[in-house]
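# Geometric and topological summary
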Amino acid sequence: MKPLIAGNWKMNGSLAANEALVKAMLDGLGGQTAATDMALCVPAPYLSQLQSLLTGSTIAWGAQDLSSHEQGAYTGEVSATMLKDFACRYAIVGHSERRQYHGETDALVADKAKVALAHGITPIVCVGETLAEREAGQTEVVVKRQLAAVIHAVAHCTSEIVVAYEPVWAIGTGKTASPEQAQQVHAVLRAQLAAATQHPERVHILYGGSMNAANAASLLAQPDIDGGLIGGASLKAADFLQIVASSR
Ligand code: 13P
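To keep things clear, this report deals only with the structure shown in the data block. (Residues numbered from 1 in each chain as written. Predicted model: local features only at pLDDT ≥ 70, side-chain atom pairs only at ≥ 80, totals over all residues. Heavy atoms only, no water.)

### Describing the packing of helix 7 (residues 139-154) against helix 8 (residues 179-194)
Taken N-terminus to C-terminus, the directions of helix 7 and helix 8 make an angle of 35°; their axes are 10 Å apart at the nearest point. In this structure, helix 7 meets helix 8 at a crossing whose hand is right-handed. Along the contact surface, helix 7 presents Thr139, Glu140, Val143, Lys144, Leu147, Ala148 and Ile151, while helix 8 presents Val185, Val188, Leu189, Gln192 and Leu193. Split into classes, the residues belonging to the contact of helix 7 with helix 8 amount to 8 nonpolar, 2 polar and 2 charged. (Axes fitted to C-alpha atoms, helices over the stretch in contact; angles between N-to-C directions. Helix = DSSP H or I, 4+ residues; strand = E, 2+ residues; numbered from the N terminus. Left-handed = near helix turned anticlockwise from the far one by under 90°. Contact = heavy atoms within 4.5 Å. Nonpolar A, V, L, I, M, F, W, Y, C, P; charged D, E, K, R; others polar.)

Put into structure tokens, the structure is as follows:
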């Protein structure tokens, strides 16, 4: 399985900045055949721009969220069908910032993952514990509960999801989980996937949380870390490409 390095731009960007960033990434890749799968998950208004810039390249694009509803009176929401209009390959679901600031529950995240799959979009399902949960020894219980909700909802399609382990205390803080800490949780998630699908090895389990050009190689060297979900460092072409290079 090729590693997957996905950028999550969060609420950053502008037409001008995006164009410069994406062009610098494509220039840096220099048309080489990709040994690593790559994706950029961008704010919804820029999906059309990313589609124009990335069509025909080795970088896929995706959204940072989607609605659990198909269509209708849901002001502000973006549907899976709309994302498909812009050829989105991925959609992040259940990012901790959505869970924390928008009250997203395990059940809602599971519904979103199911809707994405039904529309041919690969959900990147985020799980992760807060610092308080880690300190209370609850890490495994929390991530297993979060993933179990999704497995229950998507059932036989479990092998088609991407999972991202993002410890909340490591996001945007500069504090990375050590490779050993991350691997420990990834192994738990792999075992949980193995109980739900015949092909747990086909599921990318990404690490996210202050992954950068300097620490990526040691994290990606772990047996159950199949890639990264990159926030801040995905806003700098050289850093993102260095992480991609570290994944080979
Ligand atoms: P940072 O890489 O900025 O810590 O963000 C990680 C993240 O939340 C990716 O989804």
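### Observations regarding the site of the ligand
In the vicinity of the ligand, the contacting residues are Asn8, Lys10, His95, Glu166, Ala170, Ile171, Gly172, Gly209, Ser210, Leu229, Gly231 and Gly232. Here an oxygen atom of the ligand and a side-chain polar atom of Glu166 are 2.9 Å apart. One of the backbone nitrogen or oxygen atoms of Ser210 is found 2.7 Å away from an oxygen atom of the ligand. Protein contacts shield 94% of the accessible area of the ligand, which totals 310 Å² for the unbound molecule. (Near = heavy atom within 4 Å. Polar contact = N/O pair within 3.5 Å; in protein donor to acceptor, adjacent residues only side chain to side chain. Areas by Shrake-Rupley, 256 points an atom, 1.4 Å probe, with all protein chains shown as cover.)

### Here's the deal with the packing of helix 5 (residues 106-118) against helix 7
Interhelical geometry of helix 5 versus helix 7 gives an angle of 40° and a closest axis separation of 8 Å. One way to sum up the angle between helix 5 and helix 7 is to call them oblique. Helix 7 is crossed by helix 5, and the crossing has right-handed handedness. Of the residues in helix 7, those in contact with Asp106, Val109, Ala110, Ala113, Lys114 and Leu117 of helix 5 are Arg145, Gln146, Ala149, Val150, Ala153 and Val154. A breakdown of the residues in the contact of helix 5 with helix 7 according to their chemical character gives 8 nonpolar, 1 polar and 3 charged. (Parallel < 35°, antiparallel > 145°, perpendicular 65-115°, else oblique.)

### Considering the side chain of Lys112
By the element assignment, Lys112 lies in helix 5. We classify Lys112 as buried; its relative accessible area is 2%. One polar contact links Lys112 to Asp65, side chain to side chain, over a distance of 2.8 Å. When residues no more than four places from it in sequence are discounted, the contact partners of Lys112 are Asp65, Leu66, Ser67, Ser68, Val93 and Glu104. (Buried < 20%, exposed > 50% of the residue type's maximum accessible area, 1.4 Å probe, protein only.)

### Focus: helix 8
If you check helix 8, its first and last C-alpha atoms are 22 Å apart, about what 16 residues at 1.5 Å a residue would give, namely 22 Å. By the burial criterion, the buried members of helix 8 are Pro179, Ala182, Gln183, Val185, His186, Val188, Leu189, Arg190, Gln192 and Leu193. In the core, the buried residues of helix 8 are packed alongside strand 5 (122-127), helix 6 (131-135), helix 7, strand 6 (162-165), strand 7 (205-208) and helix 9 (216-220). (Expected span 1.5 Å × (residues − 1).)

### Focus: the sheet that holds strand 7
What the 8 strands build is a closed barrel, ordered 1-2-3-4-5-6-7-8; its pairing is parallel. Pairwise comparison of adjacent strand axes, ignoring direction, gives a mean angle of 25° for this sheet. Both strand 6 and strand 7 contribute to a ladder of 3 bridges, which runs parallel. Note that in strand 7 the partner of Ala164 across the bridge is Leu206. Sitting on the sheet, helix 10 (residues 237-246) is in contact with strand 1 (4-8), strand 2 (37-41) and strand 8 (227-230), with an inclination near 160° to strand 1. (Pairing = 2+ DSSP bridges.)

### Comments concerning the pattern of salt bridges
Counted under the stated rule, the structure contains 12 salt bridges. Its salt-bridge partner being Glu129, residue Arg134 comes within 2.7 Å of it at the nearest N-O pair. By relative accessible area, Arg134 is classed as partly exposed at 23%. A residue is classified by how much of its surface remains accessible, and Glu129, at 0% relative accessible area, is buried. Residue Asp224 pairs with Arg190 through a salt bridge whose shortest N-O separation is 2.9 Å. Here Asp224, found in the loop between helix 9 and strand 8, pairs with Arg190, found in helix 8; they are 34 residues apart in sequence, far enough to count as distant. (Salt bridge = Lys/Arg side-chain N within 4 Å of Asp/Glu carboxyl O.)

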